[in-house]
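Here is what each chain is made of, one letter per residue.
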Amino acid sequence: MNCGKQVYTWTKEGPVVSKPMACVVGCTTCANLCKGKAITFPDKNELRALYKKEKLWEKVTRQLKKEGKLNPVK
Ligand code: SF4
């Protein structure tokens, strides 16, 4: 697998998603490189609409600030 985040692990049965939370939102590298077209992701416009509808960016921003992982630029 061609994931720089090591989301996949090879097993005797084939690749498995072993670190799903390490996947980068918006990245589609593995799907683009998969010759068998076995990997798909939701359409980016559908994701943008969902994020807007559910106000997910606001929730993510709040959570990151709460965890101290997002600091305003001074
Ligand atoms: S989308 Fe990107 S980060 Fe996520 S598993 Fe594929 S290559 Fe890795």
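Residues numbered from 1 in each chain as written. Predicted model: local features only at pLDDT ≥ 70, side-chain atom pairs only at ≥ 80, totals over all residues. Heavy atoms only, no water.

### Some details on the packing of aromatic side chains
Thinking step 1. Per the stated rule, a full pass over the model turns up one aromatic pair.
Thinking step 2. An angle of 45° between the planes, with centres 4.5 Å apart, marks the rings of Y51 and W57 as tilted.
Thinking step 3. Overall, Y51 belongs to the buried group, its relative accessible area being 17%.
Thinking step 4. Note on W57: relative accessible area 51%, which makes it exposed. (Phe/Tyr/Trp six-rings, centres within 6.5 Å; stacked < 30°, edge-to-face > 60°. Buried < 20%, exposed > 50% of the residue type's maximum accessible area, 1.4 Å probe, protein only.)

### With respect to the domain arrangement of the protein chain
Thinking step 1. If you check the domain split of the protein chain, you get domain 1 (1–41) and domain 2 (42–74).
Thinking step 2. Centre-to-centre, using C-alpha coordinates, domain 1 lies 23 Å away from domain 2. (Domains from an automatic or database assignment.)

### Examining the nonpolar core
The nonpolar side chains of a soluble globular protein tend to be buried, and buried together.
Thinking step 1. In terms of nonpolar packing, the biggest core is built from six residues, these being V7, Y8, C30, A31, C34 and I39.
Thinking step 2. For C30, the residues in contact, after removing those within four places along its chain, are Y8, I39 and F41. (Core = buried A, V, L, I, M, F, W, Y, C linked by side-chain atoms within 4.5 Å. Contact = heavy atoms within 4.5 Å.)

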